[in-house]
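# Working through the structure, step by step
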Amino acid sequence: MITLLGSLLGFVSSTFPSLVKLWQDAADKKQELAIMQLQMQMQAQGNQERLEEINTQADIAESAALYKTYNTGISWVDALNGTVRPVLAYAFFLLYAAVKLFSYIALPDNGSVPFVMLHDTLWTEDDSAIFAGIISFYFGQRAMNKLREGK
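Cut-offs and rules
Residues numbered from 1 in each chain as written. Predicted model: local features only at pLDDT ≥ 70, side-chain atom pairs only at ≥ 80, totals over all residues. Heavy atoms only, no water. Helix = DSSP H or I, 4+ residues; strand = E, 2+ residues; numbered from the N terminus. Buried < 20%, exposed > 50% of the residue type's maximum accessible area, 1.4 Å probe, protein only. Polar contact = N/O pair within 3.5 Å; in protein donor to acceptor, adjacent residues only side chain to side chain. Contact = heavy atoms within 4.5 Å. Salt bridge = Lys/Arg side-chain N within 4 Å of Asp/Glu carboxyl O. Phe/Tyr/Trp six-rings, centres within 6.5 Å; stacked < 30°, edge-to-face > 60°. pLDDT = per-residue confidence, 0-100. Expected span 1.5 Å × (residues − 1). Bend = angle between axes of the 7 residues up to and from the residue. Patch = residues over 30% accessible without salt bridge, like charges linked within 9 Å, V, L, I, M, F, W, Y side chains within 5 Å. Areas by Shrake-Rupley, 256 points an atom, 1.4 Å probe, with all protein chains shown as cover.

### Here we look at the overall build of the protein
Helix and strand content of the protein: 4 helices and 0 strands. Counting from the amino terminus, helix and strand elements in the protein follow one another as α-α-α-α. For the protein, with 151 residues in total, the buried portion stands at 2%.

Here's what the structure looks like:
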């Protein structure tokens, strides 16, 4: 009986190192799989960052190409090209001021109307929105240009 028990114990104990080796091999493969997944995630993140960098460089190149067309090398053409926006802005401001002035003149008996009523009649919520939009555009553009230039 002891012989049989010894044989059985010897057989089981001889498989123990193989079982430990199989368990260790499974754990190693699980760890390698986790490492590969992390590497794939890092590579995907690197590819995403590279794609963003390429898009940013394309935007910069597009802006440079657009601004390049403004400089012809002919001084009077470049000067005229640079005055288009300001001249249009001043012209529309003068037109707007003229419309408001004529609106004031067209009011019946405007000498006896209190200023508060004149203000509410001539300067509406739409006027405030237009004024805020124009001022925000011009000063916002200047701020963005300064940020872009790094000043």
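### Things to note about the environment of Thr56
With respect to the helices, strands and loops of the structure, Thr56 is situated in helix α1 (residues 2–68). Polar side-chain contacts of Thr56 include one of 2.8 Å to the backbone oxygen of Glu52.

### With respect to the side chain of Asp127
Along the chain, the position of Asp127 falls in helix α4 (residues 125–149). Reaching out from Asp127, the side chain makes a polar contact with the side chain of Lys100 at a distance of 2.7 Å. Dropping the residues within four chain positions of it, Asp127 is found in contact with Tyr96, Lys100 and Leu122.

### Quick look at the pattern of salt bridges
Applying the stated criterion across every chain, the model contains 3 salt bridges. The partner of Glu53 in a salt bridge is Arg50, with the nearest N and O atoms 3.3 Å apart. Taken as a pair, Glu53 and Arg50 lie in helix α1 at a separation of 3 residues, close to a single helical turn. The exposure class of Glu53 is partly exposed, given its relative accessible area of 39%. Of the charged contacts in the structure, one is a salt bridge between Lys100 and Asp127, with a shortest N-O distance of 2.7 Å. Pair noted here: Lys100 is in helix α2 (residues 75–106) and Asp127 is in helix α4, with a separation of 27 residues, a long-range link. With a relative accessible area of 22%, Lys100 lands in the partly exposed category.

### A short note on the packing of aromatic side chains
How two aromatic rings sit relative to each other is set out by the distance from centre to centre and by the angle between their planes. Taken as a whole and assessed by the stated rule, the structure comprises 1 aromatic pair. Ring centres 5.9 Å apart and planes at 70° place the aromatic pair Trp123 and Phe131 in the edge-to-face group. The exposure class of Phe131 is partly exposed, given its relative accessible area of 47%.

### Quick word on the confidence of the model for the protein
The share of residues in the protein with pLDDT of 70 or more is 86%, and the mean pLDDT across the chain is 80. Mean pLDDT in the protein bottoms out at helix α3 (residues 115–122), which sits at 75, and peaks at α2, which reaches 83.

### So, α2
Taking 1.5 Å of rise per residue, 32 residues should cover 46 Å, and α2 covers 46 Å from first to last C-alpha, within 8% of that figure. Along its length, α2 reaches its greatest deviation from straightness, about 35°, at Val84, and the proline Pro86 lies no more than four positions downstream.

### Regarding a nonpolar patch on the surface
The grouping of Trp123, Ile130, Phe131, Ile134, Ile135, Phe137, Tyr138 and Phe139 at the surface amounts to a nonpolar patch, some 760 Å² of accessible area in total. Looking at the element boundaries, Ile135 is found in helix α4. Assessed through its relative accessible area of 35%, Ile135 is described here as partly exposed.

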